[in-house]
Amino acid sequence: MKETSFLTHNTRVLNDIRKLPVFEPFQEEELLNLLSMSKIRQYKPGEVIFNQGSADTWLYFLIYGKVRLVKDGKPVTMLESRGDVFGEMGAIDCAPRSASAVAHGETVCLASDIYYIEQLSGTEKLAFGYVIYRVLASVLAGRLRTTTSQLLGGRSLFGG
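1. Details of the packing of aromatic side chains
No. 1: By the definition in use, this model includes 6 aromatic pairs.
No. 2: When the centroid spacing of 5.6 Å and the interplanar angle of 40° are considered together, the rings of F50 and Y60 count as tilted. Here the residue F50 occupies a position in strand β3 (residues 48-50), and Y60 occupies one in strand β4 (residues 58-64), the gap between them amounting to 10 residues.
No. 3: Centre to centre, the rings of Y60 and F86 are 5.2 Å apart; their planes meet at 15°, and the pair counts as stacked. Here the residue Y60 occupies a position in strand β4, and F86 occupies one in strand β7 (residues 85-86), the gap between them amounting to 26 residues. Note on accessibility: Y60 and F86 belong to one class, buried.
No. 4: Within the aromatic cluster, the residues linked to one another by ring pairs are F23, F26 and F61.
No. 5: Taking NZ or CZ as reference, R41 lies 4.2 Å from the ring centre of W58, over its face.
No. 6: Directly above the ring of F50 sits R97, whose terminal nitrogen or CZ lies 4.1 Å from the centroid.

In structure tokens, the structure reads:
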């Protein structure tokens, strides 16, 4: 893995990130806060981004490439859209990772250590925390809808 240092006031990266739909709710200052707790990480094909069972507070945003999520050695899904979020469950509750993430081809991610939200203070902490957790809630709600639909095999909960 190749990795940048923490990003601070990097205009080029900020402009690229601003184009990703997942970051639409962020104001300029909030994006700068996110960059200050983030690194750009580049992975080679087959390189492990994180292992199932490991624990940390890093949250990942796919910039380009593909990421395969694997649980107990079995493929779960392939992330391939710019801005896809992964690693959110471990980042939120600091529990061991429920799956592994593996680069599928050359892959670049924005890796954000959300532990640093705790280092912010006052209204800055509240505002930024609100935005990041709203993004995560949206991601998790979308995944829950997809899982529910797959479990029901396209059937309605109400027999439709």
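2. Some details on the sheet that holds strand β9 (residues 107-113)
No. 1: One open sheet holds the 5 strands; their spatial order is β1-β2-β9-β4-β7, and the pairing between them is antiparallel. Sheet topology places β1 (2-3) and β7 at the edges, where each strand pairs with a single neighbour.
No. 2: Across 2 bridges, β1 lies against strand β2 (residues 38-43) in antiparallel orientation. Following the sheet pairing, E3 is matched in β2 by R41.

Rules of the game
- Residues numbered from 1 in each chain as written.
- Predicted model: local features only at pLDDT ≥ 70, side-chain atom pairs only at ≥ 80, totals over all residues.
- Heavy atoms only, no water.
- Phe/Tyr/Trp six-rings, centres within 6.5 Å; stacked < 30°, edge-to-face > 60°.
- Helix = DSSP H or I, 4+ residues; strand = E, 2+ residues; numbered from the N terminus.
- Buried < 20%, exposed > 50% of the residue type's maximum accessible area, 1.4 Å probe, protein only.
- Lys NZ or Arg CZ within 6 Å of the ring centre and 35° of its normal.
- Pairing = 2+ DSSP bridges.

Distances and angles like these do not, on their own, reveal function.
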